Amino acid sequence: MAGDRAKPCELDQEKYDADDNVKIICLGDSAVGKSKLMERFLMNGFQPQQLSTYALTLYKHTATVDGKTILVDFWDTAGQERFQSMHASYYHKAHACIMVFDVQRKVTYKNLSTWYAELREFRPEIPCIVVANKIDADINATQKSFSFARKFSLPLYFVSAADGTNVVKLFNDAIRLAVSYKQNSQDFMDEVLRELENFKLEQKEEDAPDQDQSSRIESPSPS
Ligand SMILES: Nc1nc2c(ncn2[C@@H]2O[C@H](COP(=O)(O)OP(=O)(O)O)[C@@H](O)[C@H]2O)c(=O)[nH]1
Ligand SMILES: [Mg+2]
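Keep in mind that this is a model prediction, so the values were computed, not measured.

A. Quick look at the overall build of the chain. Counting its secondary structure elements, the chain contains 7 helices and 7 strands. Taken across its 223 residues, the chain has 36% of its residues classed as buried. Counting only contacts in the chain whose residues sit at least 6 apart along the sequence, the fraction spanning at least 24 positions is 70%.

B. The arrangement of helix H4 (residues 112–122) in detail. Looking at H4, one finds that the buried residues are Leu-112, Trp-115 and Leu-119. Here the buried residues of H4 occupy an arc of 65° about the axis, which is enough to place them on one side. More than 90 degrees from the buried face of H4, the exposed residues found are Ser-113, Ala-117 and Glu-121. Elements that come into contact with the buried residues of H4 comprise strand S1 (21–27), helix H2 (88–91), strand S5 (96–102), helix H3 (106–110), strand S6 (128–133) and helix H5 (147–151).

C. Geometry of the pairing of strand S3 (residues 56–65). Strand direction decides the pairing type here: S3 and strand S4 (residues 68–77), joined by 10 bridges, are antiparallel. The residue bridging Thr-64 from the neighbouring strand is Thr-69, located in S4. Between S3 and S4, which pair antiparallel in sequence order, lie 2 residues; one of them, Asp-66, sits at a positive phi of approximately 50°.

D. Layout of helix H6 (residues 167–182). In this model, H6 (16 residues) spans 23 Å end to end at C-alpha, consistent with the 22 Å of a helix rising 1.5 Å per residue. Counting buried positions along H6 gives 13 out of 16 residues, so the element sits mostly inside the fold. Positive phi appears at Asn-184, one or two residues downstream of H6, with a value of about 60°.

E. Structural context of the site of ligand 1. Near ligand 1 there are 14 residues, and of these Gly-33, Lys-34, Ser-35, Lys-36 and Ala-162 occur at the shortest range. Counted by class, the shell around ligand 1 contains 5 nonpolar, 5 polar and 4 charged residues.

F. How the structure looks around the environment of Met-189. With respect to the helices, strands and loops of the structure, Met-189 is situated in helix H7 (residues 187–206). Separated by 13 residues in sequence, Met-189 and Arg-176 have C-alpha atoms that sit 8.9 Å apart. Beyond its immediate sequence surroundings of up to four residues, Met-189 is in contact with Pro-127, Leu-177 and Ser-180.

G. Quick peek at unusual backbone geometry. For Asp-66, which is not glycine, the phi torsion reads 50° and is therefore positive. Tracing the backbone through its elements, the reader meets Asp-66 in the loop between S3 and S4.

H. Inspection of the packing of helix H1 (residues 34–41) against H6 at higher detail. Contact geometry for H1 and H6: axes closest at 9 Å, N-to-C directions at 90°. Considering their axes alone, H1 and H6 lie roughly perpendicular with respect to each other. Contacts from Leu-37, Arg-40 and Phe-41 of H1 reach H6 at Val-167, Val-168 and Phe-171. The residue makeup of the contact of H1 with H6, split by class, is 5 nonpolar, no polar and 1 charged.

What counts, and where the lines are drawn
- Residues numbered from 1 in each chain as written.
- Chains lettered and ligands numbered in written order.
- Predicted model: local features only at pLDDT ≥ 70, side-chain atom pairs only at ≥ 80, totals over all residues.
- Helix = DSSP H or I, 4+ residues; strand = E, 2+ residues; numbered from the N terminus.
- Buried ≥ 20, exposed ≤ 12 C-beta atoms within 10 Å, placed from the backbone.
- Contact = placed C-beta atoms within 7 Å.
- Arc of directions from axis to C-beta.
- Pairing = 2+ DSSP bridges.
- Expected span 1.5 Å × (residues − 1).
- Near = placed C-beta within 6 Å.
- Nonpolar A, V, L, I, M, F, W, Y, C, P; charged D, E, K, R; others polar.
- Axes fitted to C-alpha atoms, helices over the stretch in contact; angles between N-to-C directions.
- Parallel < 35°, antiparallel > 145°, perpendicular 65-115°, else oblique.

Shown next as structure tokens:
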């Protein structure tokens with residue numbers, strides 16, 4: 001109805017220009033676990049706002065980064081991802097992206113390239129974390145090589161919304177990346193990549209070559 005198109009204040013995106021406000025978007029196919037991940041992270045006292053007119057859900061969160069209080073809005077799709085494309089306003093002013101696939105469904109991994117292309121069309125520079133979800137359901141997933149992340153030099157996290165593995169780390173890192181992007185610094189992104197790289201090396205040294213089931217970063221191609 002054209003008459004009552006008054007913009008709800010929740011969608012006033014001007015606020016994301018303020019220093020203490022960041023917007024983090026979540027992308028990925030239907031049913032990969034995007035909403036479950038949000039809920040898992042914000043388990044205590046989250047208040048999702050369903051904005052059904054806009055096919056999205058906002059999760060509000062307050063974080064402390066370097067002693068500063070940051071208001072974080074996580075944007076979650078609510079059905080529109082079925083069309084493998086989001087409205088431009090979804091990307092508008094976003095400071096970081098969490099891009100999820102389901103380790104049990106290969107097609108959701110393949111579709112990352114479509115999501116990534118659309119993300120870069122609207123937000124060429126924002127930090128993006130690739131998330132392999134549901135590792136609880138496929139214990140061998142962490143052993144597989146998911147080259148997509150490496151190809152684009154993106155951090156890759158193996159997580160489970162069901163049992164909580166790596167969920168808090170994922171979101172806290174995403175928040176730091178968003179804040180650091182806002183401050184025009186690549187520093188934290190570099191730090192995360194370095195940390196993941198070291199973790200990978202440590203794992204390689206520590207583990208028996210075949211049987212390890214612990215969560216680990218993807219292995220580089222065999223040397
Ligand atoms: N085993 C397992 N199932 C999960 C996990 N995360 C989500 N699911 C299930 O996957 C389905 C889709 O989750 P949902 O969060 O709605 O996906 P979304 O469409 O990406 O938001 C639900 O049945 C969840 O219970 C996980 O880490 N492990
Ligand atoms: Mg959802």
